[in-house]
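A look at the structure
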Amino acid sequence: TAALERAGADGARAELDCARVFVPMAYRRARRNIRGLRRNQDTRLSAIAQRAVDSGDPAPLAPGG
């Protein structure tokens, strides 16, 4: 807003372009994060973490490895 007030739309073209890219990306990211709250993975993440603690290995072996 300040850049627009100082320079007008033509003088703030770079800032407007950045905002026009950033705002939709941020909106999609926020929506995805909100959906993630409804699809809670805490139980699964806890099981993975507990297996890592029990085995002493932070990652499972690759299939066939």
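Bear in mind that the values here come from a model prediction, so they are computed numbers and not experimental data.

**Some points on the packing of helix 1 (residues 2–11) against helix 2 (residues 13–38)**
Contact pair helix 1 / helix 2: the axes reach a minimum separation of 7 Å and the direction vectors enclose 90°. Comparing their axes, helix 2 and helix 1 come out roughly perpendicular. Here helix 1 contributes Ala3, Leu4, Ala9, Asp10 and Gly11 to the contact with helix 2, which in turn contributes Arg13, Glu15 and Leu16. Taken together, the residues that form the contact of helix 1 with helix 2 break down as four nonpolar, one polar and three charged.

**Here's the deal with the confidence of the model for the protein chain**
Overall, the predicted model of the protein chain reaches an average pLDDT of 86, with 98% of residues at or above 70. Taking the mean pLDDT of every element in the protein chain, the minimum, 80, falls on helix 1 and the maximum, 92, on helix 2.

**Digging into helix 3 (residues 42–55)**
Compared with an ideal rise of 1.5 Å per residue, which puts 14 residues at 20 Å, helix 3 spans 20 Å between its outermost C-alpha atoms and is within 8% of the ideal. Counting buried positions over the 14 residues of helix 3 gives one, only a small fraction of the element. Two residues or fewer after helix 3 comes Gly56, characterised by a positive phi angle close to 75°.

About the criteria used
Residues numbered from 1 in each chain as written. Predicted model: local features only at pLDDT ≥ 70, side-chain atom pairs only at ≥ 80, totals over all residues. Heavy atoms only, no water. Axes fitted to C-alpha atoms, helices over the stretch in contact; angles between N-to-C directions. Helix = DSSP H or I, 4+ residues; strand = E, 2+ residues; numbered from the N terminus. Parallel < 35°, antiparallel > 145°, perpendicular 65-115°, else oblique. Contact = heavy atoms within 4.5 Å. Nonpolar A, V, L, I, M, F, W, Y, C, P; charged D, E, K, R; others polar. pLDDT = per-residue confidence, 0-100. Expected span 1.5 Å × (residues − 1). Buried < 20%, exposed > 50% of the residue type's maximum accessible area, 1.4 Å probe, protein only.

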